[in-house]
Amino acid sequence: MDMMIFGASANTVSGNALWRTLLLSFFAFMLFIISAGTVGAQTQRLDITEGQIAPIPVAIAEFTGPDGLPSEVGRQISQIISDDLVSSGLFSAVDSAAFIKPPESPSIRPNFSNWSPLGAKGLLVGSAFLDADGLLQIEFVLWDIVSQRNITEGGGSANQSGIRRIAHQIADFVYQEFTGDSPYFDTQVVYVSESGPRDRRVKRLAIMDQDGFNHKFLTSGLDLVLTPRFSPTAHEVAYLNYFNDEPNVYLLDIASGRTERLGSFPGMTFAPRFDPDGNKLIMSLAQDGRTDIFQMDLRTQSLTQLTRSASIDTSPSFAPDGSRVVFNSDRGGSQQLYVMDANGKNVKRISFRKGRYATPVWSPRGDIIAFTKMFKGEFFIGVMNVDGSGERLLARGFLVEAPTWAPNGRVLMYFKQEPVSNDGQGGETYLYRVDITGFNERRVSTPADASDPAWSPLLQ
Amino acid sequence: MQRMAQFIRQPVALSLGFHVLVVTLFTVGWPFLTSDETDTQPLIVVDIVRTVPNTNLAGADGGGKAADVEQEETLKKPPPPPPPPPPAPVPKPVAQAKPAPKVAPKPVVDDAEILPSKIVSAPVARPKPEAPKALKKPVSAPVSAPVSRPKPPQKKVTPVPKAKPNKLAKQSRQKEKADALNGLLQNLAEATQAKEAEENQKAQKKALNKQLAQNLTAAVGDALKTPSNSSIMPLGVSDIDRLRSHISKHWTPPVGAKGASQLKVDIFVKLERDGTVTRAEIVDKSRFNRDKLFSVAARAARSAILEASPLPLPAEKYELWKEFIFGFDPINM
């Protein structure tokens, strides 16, 4: 018994030691985990959520000739590129007078220490000259001055009439590389040029580059023309032509100038819009006191009715994927925006704020819808998300109307009319454009009053 | 009980018991350890050894001189040797541990940085576990000795007194009594010797456990202090605000592009002590190569870092921020 008792007490002692060892091992393990975790977390992290919204400074060197000196055509090209970029509101051009040593050739790596002090983030260097055949030979390199890396480069040849286009295309490269957006400088705008007294207004279709150059009239002005719409796939324009007070829809091939009459549509106030494939037109037609939305197959010219209501449904516009249509309707008691499937089903109202909404246009990138809004005697150009949220008003005026999208969905163009005073003065109508952020509203230069702009897709 | 002991010794059973008792160990285990008086004693004893080197204890212990020499060496070092920090519930050791906390708030760069590195490399924790070894014996002996040993000798003595009741026998009885007393005293002496031997074993085990605990806490304490430094000198709110504001001035994110508000870019940055950026890398390189908009956003973020160089960061906290990941998130723009 004694031995057993002693033995038991001995076992108790060794059990305590084991227990203690277990405890110590456990705590050692846990502390090791903790310490390992803290040791591993050496790299600090900090989130930056606010930055500067400011134009990106870019140095655009005058394009040089074979001798390394700026060529005449090179100067012209550099100026077009600079104007394009600055007009977007997203770039500022570094004054060339501040250049320490202008670059001589795009094949020579620039000395970045000469450019960093100027605050430039990008440097465009190029060469442009006419070869023995009279063709324009051009090369360019875009440098990131901060990281001292070549961002992009390119080159090609063109005839002398293509100088402006090739300059727009180089500007598109720069724009794309610094903004991440698809480009829009190599595009055109068709609009209605207005002239003459108000009671005998002459309205003609005209076309120009997006920067106002290469202006050209497309119609004679004998007939009243309205609301041109660009085809998304072909260089064609659909528009309304009033003849004997009856609206007719015409299709104009811009390159050849040939027109095709699609038909007469009594009660039509807006020209049809194309679907994304360019094979269909969507329009509103007034019949029996009702205005509904129809779709026309351009190959068969057959009409399909999409809405059937006692209200006025008008100004339809396709989503870029062709699956849905946005339009305005007064079916709810006031003029609001609605979205429906392309077959006319699942109609859903998306605008709910005060005021009347009109002329919705779906953005080419699909995420937002532009519209005209009338509220308290003023007009506004605004955008909202496709579900109606996030409404933002970008421009306001006595009359602002007819928004049209640049092909990248980043810039809106519209016309703005000034009020007419009692003595008949005023009433000027001009084209304007604005970035969808609401910044950089600019007037577009036209030879006369202008309205109803339609922005083309990127030129082929 | 023997089965129980065998069962506990099996490795599988140990592992099982270890996992099952995790929660219990947290709640019960720590007080169990800390409640033992002997765990706190060595910290006091260290001071005694250092200040009284010529006591009998020191003279009896052959290792005393060596311990003193080591302690003197540590005292001679210009910077006070960082003590192996115990969990520090005892007030006295705090006085020794003070130099470390004092250095931290000082704006002096070198002290703040040299201290943690010395703690890591120098095995300063060794001297202390040795000192407690020599001093444990007297401390633990009186506590444990009276508890377990006296009973067995008494039981052995009790059957002896039976004898015949003669006159002659009285003398012999007296002799026997005297012998018995002598035997009892001998037994008691043997018992006390055995007691002392067992106490010595216990004391050694306790000393080993204590040493193990001290080594572990010292090592983990060093690990926690030295490399991460986050608990000692974190970046302050003003440091972070100044840094964020400085970088924001140089960041021009692509605003307005489709999906731009959801573009978050991480840039890994290496820095010199003066805040100069020596490396700025886009973390998600695969997306950089395949996603145009992301590549633009990433370039803008990297440019912001490069342009913002040198970054305004406190040099005395360099160990904290020599590597940084900046997340550029335009969600608020």
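All figures in this text were calculated on a predicted structure; none of them were measured in a lab.

Student: Tell me about the packing of helix α2 (residues 72-87) of chain A against helix α3 (residues 163-179) of chain A, residues and numbers included.
Tutor: All names here are of chain A. Where α2 contacts α3, the two axes come as close as 8 Å, and the packing angle between them is 50°. When the axes of α2 and α3 are compared, the pair comes out oblique. Relative to α3, the crossing made by α2 is right-handed. Seen from α2, the contacting residues are Val73, Gln76, Ile77, Ile80, Ile81, Asp84 and Leu85; seen from α3, they are Ile163, Arg164, Ala167, His168, Ile170, Ala171, Val174 and Tyr175. Tallied by class, the residues present in the contact of α2 with α3 amount to 11 nonpolar, 2 polar and 2 charged.

Student: If you had to explain the environment of Ala93(A) to someone new, which residues and values would you point to?
Tutor: All names here are of chain A. Mapped onto the fold, Ala93 is located in strand β3 (residues 91-93). On a C-alpha basis, the gap between Ala93 and Ile81 in space is 9.8 Å, while along the polypeptide they are 12 residues apart. Excluding residues that lie within four positions of it along the chain, Ala93 makes contacts with Val58, Ile60, Ser82, Leu85 and Val86.

Student: If you had to explain the pairing of strand β24 (residues 378-385) of chain A to someone new, which residues and values would you point to?
Tutor: Residues and elements named next belong to chain A. As defined by bridge partners, strand β23 (residues 368-375) adjoins β24 across 8 bridges and the pair is classed as antiparallel. Looking at β24, one finds that Ile368 is bridged to Asn385. Between β24 and strand β25 (residues 392-397), which pair antiparallel one after the other, the connecting turn spans 6 residues, and Gly388 there sits at a positive phi close to 95°.

Student: An account of the confidence of the model for chain B is requested, with residue identities and associated values reported.
Tutor: Residues and elements named next belong to chain B. Predicted confidence across chain B gives a mean pLDDT of 59, with 36% of residues reaching 70 or more. Predicted confidence in chain B is weakest over helix α9 (residues 109-121), with a mean pLDDT of 27, and strongest over strand β1 (residues 265-271), with 95. Segment residues 34-166 is flagged for pLDDT under 50; beyond a separation of four residues in sequence, or across chains, it makes 138 contacts in the model. In the predicted assembly, ipTM is 0.75 and pTM is 0.65.

Student: Pulling in residues and values, what's your account of the sheet that holds β24(A)?
Tutor: Within a sheet, neighbouring strands are paired by backbone hydrogen bonds and run either parallel or antiparallel to one another. Residue and element names in this part refer to chain A. Strand order across the open sheet formed by 4 strands is β22-β23-β24-β25, with antiparallel pairing between neighbours. Two strands in the sheet have a free side with no partner beyond their single neighbour: β22 (356-362) and β25. Averaged over all pairs of adjacent strands, the angle between their axes in this sheet comes to 20°, without regard to strand direction. The sheet contact formed by β22 and β23 spans 5 bridges and is antiparallel. Bridge pairing links Tyr357 to Lys373 in β23.

Reading guide: rules and limits
- Going along each chain's sequence as written, the residues are numbered from 1 onward.
- Written order decides the labels, with chains lettered from A and ligands numbered from 1.
- The predicted origin of the model limits local features to residues at a pLDDT of at least 70 and limits the giving and counting of side-chain atom pairs to 80 or more, whereas totals for whole chains, interfaces and linings rest on all residues.
- Note on definitions: angles span 0 to 180 degrees between N-to-C directions of axes, and those axes are lines fitted to C-alpha atoms, for helices only across the stretch in contact.
- Helical segments are the DSSP runs of H or I of at least four residues, strand segments are the runs of E of at least two, and each set is numbered from the N terminus.
- In these notes the angle categories are as follows: under 35 degrees is roughly parallel, over 145 is roughly antiparallel, 65 to 115 is roughly perpendicular, and the rest is oblique.
- Helix crossings fall into two classes, left-handed where the near helix is turned counterclockwise from the far one by less than a right angle and right-handed where it is turned clockwise.
- What counts as a contact here is a pair of residues whose C-beta atoms, placed from the backbone, lie within 7 Å.
- Gly counts as polar in this scheme, as do all residues outside two lists: the nonpolar Ala, Val, Leu, Ile, Met, Phe, Trp, Tyr, Cys and Pro, and the charged Asp, Glu, Lys and Arg.
- When DSSP finds two or more bridges between two strands, those strands count as paired.
- A residue's pLDDT is the confidence the predictor assigns to it, expressed on a 0 to 100 scale.

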